[in-house]
Amino acid sequence: MAEETDVQGAAEQAARRKADMPDLRSSDPALLRALAHPLRVEILSVIDELGEATATQIAERVGESPSNCSFHLRTLAKVGFIERGEAQGTSKPWRAVHRSRDLRPDPADPASIRTSATIGALYVQHEAARVVDFFTKHGAEGEWIEGTTVNLSAFWATPAELKELAEEIAKLTERFHGREDDESSRPSGSRKAHFFATLNPDLDGEPTP
């Protein structure tokens, strides 16, 4: 019973910490450049998934050496993406500083636009690899088939309409918020799900006059 209480207490503490974490909104090219590396995107994704992780734990997930991961972890910490968590014996885990990250570029800053685009491309590659891995290993199974989908659509829209659609997409999963941190709020039989969407104008063609 004491052990169960300790686990519940740790989970509640983690949930409270996440609720108090700030959201990051930055278009600073210097900060963006620190994340514009494929391994750092992988590392930050592991930390986001696990909550806290040591260099050794991360290395096992990404297939790199702990020393190489430690170098990239220090780089991410230097610009404020992550910080040290509480030591667990001899283990020194890392944890995210922000609850969410909005790294859209400054439209007036070409360097910000280029670096933000690089990060966007890295996240697309990361998520695309995850989706390919899912379909290769599992396809879709049983009762989950109807909820597994890949949708492609092409349409004409103005900048304002595309912005409105982007905001609507961002709100689609709001009804599930809180389940990540509070296990008691998860319905029986639920699994962790992933939502990956891209939305972009085709700038190679000509706009409507």
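Analysis parameters
- Residues numbered from 1 in each chain as written.
- Predicted model: local features only at pLDDT ≥ 70, side-chain atom pairs only at ≥ 80, totals over all residues.
- Heavy atoms only, no water.
- Helix = DSSP H or I, 4+ residues; strand = E, 2+ residues; numbered from the N terminus.
- Buried < 20%, exposed > 50% of the residue type's maximum accessible area, 1.4 Å probe, protein only.
- Contact = heavy atoms within 4.5 Å.
- Areas by Shrake-Rupley, 256 points an atom, 1.4 Å probe, with all protein chains shown as cover.
- Lys, Arg positive; Asp, Glu negative; His and termini not counted.
- Charge placed at Lys NZ, Arg CZ, Asp CG, Glu CD.
- Polar contact = N/O pair within 3.5 Å; in protein donor to acceptor, adjacent residues only side chain to side chain.
- Core = buried A, V, L, I, M, F, W, Y, C linked by side-chain atoms within 4.5 Å.

### Re the overall build of the chain
Then comes step 1: What the chain contains, in helices and strands, is 7 helices and 5 strands.
Then comes step 2: Ordered by position in the sequence, the α and β elements of the chain form the string α-β-α-α-β-α-α-β-β-β-α-α.
Then comes step 3: On the principal axes, the C-alpha backbone points of the chain span a range of 70 × 45 × 35 Å.
Then comes step 4: Counting the 209 residues in the chain, one finds 22% classified as buried.
Then comes step 5: Look at the contacts in the chain between residues 6 or more apart in sequence, and 63% of them connect residues 24 or more apart.
Then comes step 6: Carbon and sulfur atoms make up 53% of the accessible area of the chain, which amounts to about 15,100 Å² in all.
Then comes step 7: For the chain, the centre of its 25 positive side-chain charges and the centre of its 35 negative side-chain charges are spaced 5 Å apart.

### Overview of the side chain of Ser116
Then comes step 1: Along the chain, Ser116 falls in helix α6 (residues 110–137).
Then comes step 2: At a separation of 2.8 Å, a polar atom in the side chain of Ser116 contacts the main-chain carbonyl oxygen of Leu103.
Then comes step 3: If sequence neighbours within four positions are ignored, Ser116 has contacts with Leu32, Leu103, Arg104 and Pro105.

### Comments concerning the nonpolar core
Then comes step 1: Of all hydrophobic cores here, the largest spans 26 residues; its most connected members are Leu35, Ile43, Ile47, Ile58, Leu73, Phe81 and Ile82.
Then comes step 2: Counting only elements with at least two residues in this core, the list comes to α2 (29–35), α3 (38–50), α4 (55–62), α5 (66–78), β4 (94–96) and α6.
Then comes step 3: By residue number, the principal contributor to this core is α3, which donates 6 residues.
Then comes step 4: With residues up to four places along the chain from it excluded, the contact list for Phe81 reads Leu24, Leu31, Leu35, Leu44, Leu76, Ala96, Val97, His98 and Arg101.

### Structural notes on the environment of Leu152
Then comes step 1: Within the secondary structure layout, Leu152 lies in the loop between α6 and α7 (159–170).
Then comes step 2: Remark: the alpha-carbon pair of Leu152 and Thr198, spanning 46 residues in sequence, is separated by 9.8 Å.

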